[in-house]
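Analysis of the macromolecular model
Letter by letter, the chains look like this.
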Amino acid sequence: MLNVYKSPTCGCCKKWIDHIDDNGFQSKAHNQTDISIIKHQHGIAPRYRSCHTAISSQGYVFEGHVPAKFIHQFLQEQHADNVIGLSVPAMPLGSPGMEVGDKFHPYKVLLLKSDGSYDVYASIQSAQEQF
């Protein structure tokens, strides 16, 4: 189960929820006017933030338009205690939920750590690599 915190007016968040639900997750949307509180509570630094935050039943965060493929992969792995989850900062064109025709901008999926640092978890160079 992924609890997704988002603005009630965000269309791309709804599209991302459809993407994760279509790819084997169950989600519950929580519409909130100020989701920065949730992001702060879970240690997501401002530079890693996007328009929505998903939290797994294990307490990991998935910030922004992280492809379901990488969420599944992440949840199957063992992680150090300082790992808090994954992030796709901003809103990259062509990422799940941000589709506009066949347009695509490469982006990185970041592995977030509790001290505010990160590692690159995946580098996405084409739309096909997301699935």
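For the structure, see preceding data.
Residues numbered from 1 in each chain as written. Predicted model: local features only at pLDDT ≥ 70, side-chain atom pairs only at ≥ 80, totals over all residues. Heavy atoms only, no water.

Once that is clear, we can look at the packing of aromatic side chains. Going through the model one piece at a time under the given rule, you end up with six aromatic pairs. Judged by centre distance (5.7 Å) and plane angle (75 degrees), the ring pair of Tyr48 and Tyr118 falls under edge-to-face. Placement of the pair is Tyr48 in the loop between helix 2 (36-41) and strand 3 (52-56) and Tyr118 in strand 7 (residues 118-124), with a sequence separation of 70 residues. Residue classification places Tyr48 among the buried positions, given a relative accessible area of 5%. Given a relative accessible area of 42%, Tyr118 falls into the partly exposed group. Taken together, a centroid distance of 6.1 Å and an interplanar angle of 50 degrees make the contact between Phe104 and Tyr107 tilted. When sorted by exposure, Phe104 lands in the same class as Tyr107, which is buried. Members of the aromatic cluster, joined through ring pairs, are Tyr60, Phe62, Phe70, Phe74 and Tyr121. (Phe/Tyr/Trp six-rings, centres within 6.5 Å; stacked < 30°, edge-to-face > 60°. Helix = DSSP H or I, 4+ residues; strand = E, 2+ residues; numbered from the N terminus. Buried < 20%, exposed > 50% of the residue type's maximum accessible area, 1.4 Å probe, protein only.)

Bringing the pattern of salt bridges into the picture now. Any two side chains of opposite charge can pair, so long as their charged atoms come close to each other. Scanning all chains against the criterion turns up three salt bridges. Note that Lys39 and Glu63 form a salt bridge whose closest N and O atoms lie 2.5 Å from each other. Here Glu63 lies in strand 4 (residues 61-64) and Lys39 lies in helix 2, a separation of 24 residues in the sequence. (Salt bridge = Lys/Arg side-chain N within 4 Å of Asp/Glu carboxyl O.)

This part covers the pairing of strand 4. Taken residue by residue, a regular strand's side chains alternate between the two faces of the sheet. Bridge analysis of strand 3 against strand 4 gives three bridges, and the strand direction is antiparallel. Across the sheet, residue Ala54 finds its bridge partner in strand 4, namely Phe62. Between strand 3 and strand 4, which pair antiparallel in sequence order, lie four residues; one of them, Gly59, sits at a positive phi of approximately 95 degrees. Sheet analysis places strand 4 next to strand 5 (residues 83-88), joined by four bridges and oriented parallel. Note that in strand 5 the partner of Phe62 across the bridge is Leu86. Each parallel crossover has a hand, and for strand 4 linked through helix 3 (residues 68-76) to strand 5 it is left-handed. (Pairing = 2+ DSSP bridges. Right-handed = clockwise from strand over helix to strand, strands pointing away.)

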